[in-house]
Amino acid sequence: MPSYRYHLGAYGRLVRYIGAIKTEVALKVINSLGVNATYTAQAVLMARAVSLVFSRSPLSALIPYILGALGAVALRGVLSRSFEIYTKIMAAKVKTKIRFLVFDKILRLGPGYMHHQRSGRIQSMVLDGIESLEPFLVNYVPHIISIAITGIAIGAYLFHLDWLTSLVVIIAMILCVGVPYLTVPLVSRGIVSYWRSYASLSAQYVDSLQGMNTLKAFNAGEKKGTELAADALDFYQKQIRNTALSLIDSGLMTLLMGVASCITAALAAYRTDLGLITTGSVAVFLFLGIECARPMADLNMYWHTSFLGLSVAEGLFEIIDRELSITEKEEPDTLSLDRQLPEVNLHGITFAYRTNVKNALQRVDMAIGAGRTAAIVGPSGSGKSTLVNLLLRFYDPGAGEIRIGGVDIRDYSLDYLQSKIAVVFQETYLFSGTIGDNIRMARPEADDEAVVRASKAANAHEFIMALPQGYQTVISERGATLSGGERQRIAIARAVLKDAPLLILDEATSSVDARSEALIQDALEGIMKNRTTIVIAHRLSTVKNADKIFVLDEGRLVEEGTHEQLLVRNDVYARLVNAQRQATQS
Ligand code: ADP
């Protein structure tokens, strides 16, 4: 667990983000100074009124002071309320900036990073976590600046009335700012474990909701429910512990201010007795002493609500500081793939996932001619999807090089490379929004006509038009209301619209019914023309016509050739074909 110094350092870094809302923070400081001024004015006016009472002045002499104090109260009401909305606006601005930064980094880290993370943890950090930074960014920071200015002004005024008594007030104020920092080591541990427990509870919920079908199908709901209840209990215990810890220094502060008030009153009275200060000044000390305690209590509250953001800041900086494993050349190639249909060449590709000691690919060589169709087959776990991950540069190979269009893919900019490859994944991800928007994702500037043309080529137009609002139909989360075949045809429409010279079909027909498969196959044959295509397939019937078939087994390329050549060889591929034929016959 990082030390509390780390946490304070994290706060130092957070302060830098306030740069995005400099003007707003300055205005908030001015507003907060205004509010403090009304408290001070009220205290001074009331002190004067009280000293008039003691000097037996007529009631009429008190009225201006009392009206003045009432005016200060009214002005304070206006000042503090008017800034509540403004504070929300500045909070939204700075949180948006941080969210954008973190999201941009996560995108640049790419799927290679997300494959190793619990998405629920990232979600709770980017949503709730950044929310918890708000008290620090928009309350604590402006407040501490205004307290410093107000403290110096009040201190100077009191010093002018009586230097010795003022020292008690000044020292008490400085100690009050410092006390919360003294308990940081204790409180930070409590808050960090509180936040971790929250993140884990939230990740459990996301997991359970995403895996609802599986939980139901395997009757595992009750077990998951028990786990969730245990996590919720742990979270509740951490919450109580955290509240108890935060009470330590608010108690210390109350004690400190109480003791300071008593000493101030006694000392001021003693000094009056000696004839060193007037009774009017004693009243000022008593009233202003109380007013000094109020912002300190607020500061303490803001500090505690801010502290929750600490362990989040730690997680956020861990993402922001994470080195990119995929880097780009300073002057990348952004042209070569526009010239002609690309050929794809793999030379000695070896790759292992970070979390896996075994190589997922081992010295793989492949040559796929421009405009040709290559099929990659092999049993599950043989490395087919890994190959797609490498072609898209989600990961870089440990050894060897991949050339597309004669250029090492590390020499292209990532955006350019990925814009030239269209992929139809086995599982199509649809975002919430309309069907039209989902297809247009491939080329946001495409007009309606282009979207319809792409959908027709993907054999998707007919079923889309049969939906209540056609292309404007809003699809539910992840397209749950569409069939596997329909989702796949939307993915193909995206690929058509993208119009990239290299097409990758990753098990595109593996999870659809026979009628859909025929429609999809037909659409695919259309778009494979005039493109270099790589088909990854379990079902060998779909790859017979490929110009070349590559057979992978345990990460190694074990055979290559046409369907006929490989059957004649009568080795791995022939065995796979026979096994599948027998499986379909039985
Ligand atoms: P295929 O697509 O042929 O089924 P994969 O390329 O998915 O095979 O997997 C090849 C090997 O890499 C397997 O041993 C698999 O367990 C492993 N693997 C795949 N993805 C990951 C990952 N994200 N992290 C660690 N290991 C992985």
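These remarks concern the structure in this document. In this text the structure is predicted, and so the values were computed from the model without any measurement.

## Considering the nonpolar core
Of all hydrophobic cores here, the largest spans 65 residues; its most connected members are L14, I98, V102 and L137. If we skip the residues at most four places from it in the chain, L14 touches L133, F136, L137, A313 and F317. In terms of nonpolar packing, the next biggest core, distinct from the first, is built from 44 residues, V451, I475, I492 and I527 among them.

## A closer look at the sheet that holds strand 12 (residues 556–561)
Taking strand neighbours across the sheet as the criterion, the six strands line up as 6-9-10-3-11-12 in an open arrangement whose pairing is mixed. Unpaired on one side and paired on the other, strand 6 (421–424) and strand 12 mark the two borders of the sheet. Along the sheet, successive strands turn relative to each other by an average axial angle of 20 degrees, direction set aside. Here strand 3 (residues 373–377) pairs with strand 10 (residues 532–536) via four bridges, running parallel.

## Regarding the packing of aromatic side chains
On inspection of all chains with the given rule, the structure shows nine aromatic pairs. Aromatic pair Y198 and F235: ring centres 5.5 Å apart, planes at 45 degrees, arrangement tilted. Of the two residues, Y198 sits in helix 7 (residues 184–210) while F235 sits in helix 9 (residues 221–273), which places them 37 residues apart along the sequence. We classify F235 as buried; its relative accessible area is 13%. Centroid distance F351 to Y353: 4.9 Å. Interplanar angle 80 degrees. Geometry classified as edge-to-face. As far as the burial class goes, F351 and Y353 line up, both buried. Taken together, the aromatic side chains of Y194, Y198 and F235 make up a single cluster linked through ring pairs. Here the basic side chain of R76 rests over the ring of Y39, its NZ or CZ set 3.7 Å away from the ring centre.

## Regarding helix 5 (residues 134–161)
Given a rise of 1.5 Å per residue, 28 residues ought to cover 40 Å, and the 39 Å separating the end C-alpha atoms of helix 5 matches this to within 8%. Along helix 5, the sharpest change in direction is near 30 degrees and occurs at Y140; proline P142 comes one to four residues later.

## Details of helix 2 (residues 22–54)
The end-to-end C-alpha distance of helix 2 is 48 Å, a good match for the 48 Å that 33 residues give at a rise of 1.5 Å each. Note on helix 2: the residue one or two positions beyond its end, R56, has a positive phi of about 55 degrees.

## Side note on the site of the ligand
Around the ligand there are 14 residues in total, and G381, G383, K384, S385 and T386 lie nearest to it. Here an oxygen atom of the ligand sits 2.7 Å away from a polar atom, N or O, in the main chain of G381. At 2.8 Å from an oxygen atom of the ligand is found a side-chain nitrogen or oxygen belonging to S385. In the complex, the protein chains occlude 71% of the 560 Å² of accessible area that the ligand would expose alone. Looking at the shell around the ligand residue by residue, the classes come out as three nonpolar, nine polar and two charged.

## A few points about the side chain of S455
Residue placement: S455 occurs in helix 14 (residues 448–457). Relative accessible area serves as the criterion here: at 0%, S455 is assigned to the buried category. What S455 contacts, discounting residues up to four positions off in sequence, is I439, A460, H461, I464, Y471 and A493.

## Description of the state of the cysteines
A covalent bond between the sulfur atoms of two cysteines is referred to as a disulfide. Scanning the model with the defined rule gives zero disulfides in all. Unpaired in terms of disulfides, C262 finds its nearest cysteine sulfur in C176, a separation of 14 Å.

## What about the pairing of strand 10?
Among the five residues of strand 10, five are classified as buried, and the element is accordingly described as predominantly covered. Side-chain alternation along strand 10 places T532, I534 and I536 on one buried face and T533 and V535 on a second face that is also buried.

## Some words on the sheet that holds strand 1 (residues 344–351)
With respect to topology, four strands assemble into an open sheet ordered 2-1-4-5, the strand pairing being antiparallel. Among the strands making up the open sheet, the edge pair consists of strand 2 (361–368) and strand 5 (407–408). In this structure, strand 1 lies alongside strand 4 (residues 399–404), joined through five bridges in antiparallel fashion. Considered in strand 4, the bridge of H347 is made with E401. Against the sheet, helix 11 (residues 384–391) contacts strand 1, strand 2 and strand 4, and its axis sits at roughly 115 degrees relative to strand 1.

## Focus: the pairing of strand 4
Strand residues, when the strand is regular, have side chains that alternate between the two faces of the sheet. Bridge count between strand 4 and strand 5: two bridges; the pairing is antiparallel. Within strand 5, the position partnered with I404 by the bridge is V407. Here strand 4 folds back onto strand 5 in antiparallel fashion, the turn holding two residues, of which G405 has a positive phi close to 65 degrees.

## Examining a nonpolar patch on the surface
Residues L186, I248, L252, L255, V259 and I263 make up a contiguous nonpolar surface patch of roughly 500 Å² in combined accessible area. Looking at the element boundaries, I248 is found in helix 9.

## Focus on the environment of I98
Here I98 shows up in helix 3 (residues 59–114). Take I98: its relative accessible area is 2%, and that puts it in the buried class. Along the backbone, I98 and L14 are 84 residues apart, and their C-alpha atoms lie at a distance of 9.5 Å. Discounting chain neighbours no more than four positions away, the residues touching I98 are Y17, I130, L133, L137 and L316.

Calculation notes
- Residues numbered from 1 in each chain as written.
- Predicted model: local features only at pLDDT ≥ 70, side-chain atom pairs only at ≥ 80, totals over all residues.
- Heavy atoms only, no water.
- Core = buried A, V, L, I, M, F, W, Y, C linked by side-chain atoms within 4.5 Å.
- Buried < 20%, exposed > 50% of the residue type's maximum accessible area, 1.4 Å probe, protein only.
- Contact = heavy atoms within 4.5 Å.
- Pairing = 2+ DSSP bridges.
- Helix = DSSP H or I, 4+ residues; strand = E, 2+ residues; numbered from the N terminus.
- Axes fitted to C-alpha atoms, helices over the stretch in contact; angles between N-to-C directions.
- Phe/Tyr/Trp six-rings, centres within 6.5 Å; stacked < 30°, edge-to-face > 60°.
- Lys NZ or Arg CZ within 6 Å of the ring centre and 35° of its normal.
- Expected span 1.5 Å × (residues − 1).
- Bend = angle between axes of the 7 residues up to and from the residue.
- Near = heavy atom within 4 Å.
- Polar contact = N/O pair within 3.5 Å; in protein donor to acceptor, adjacent residues only side chain to side chain.
- Areas by Shrake-Rupley, 256 points an atom, 1.4 Å probe, with all protein chains shown as cover.
- Nonpolar A, V, L, I, M, F, W, Y, C, P; charged D, E, K, R; others polar.
- Disulfide = S-S within 2.5 Å.
- Patch = residues over 30% accessible without salt bridge, like charges linked within 9 Å, V, L, I, M, F, W, Y side chains within 5 Å.
- Salt bridge = Lys/Arg side-chain N within 4 Å of Asp/Glu carboxyl O.

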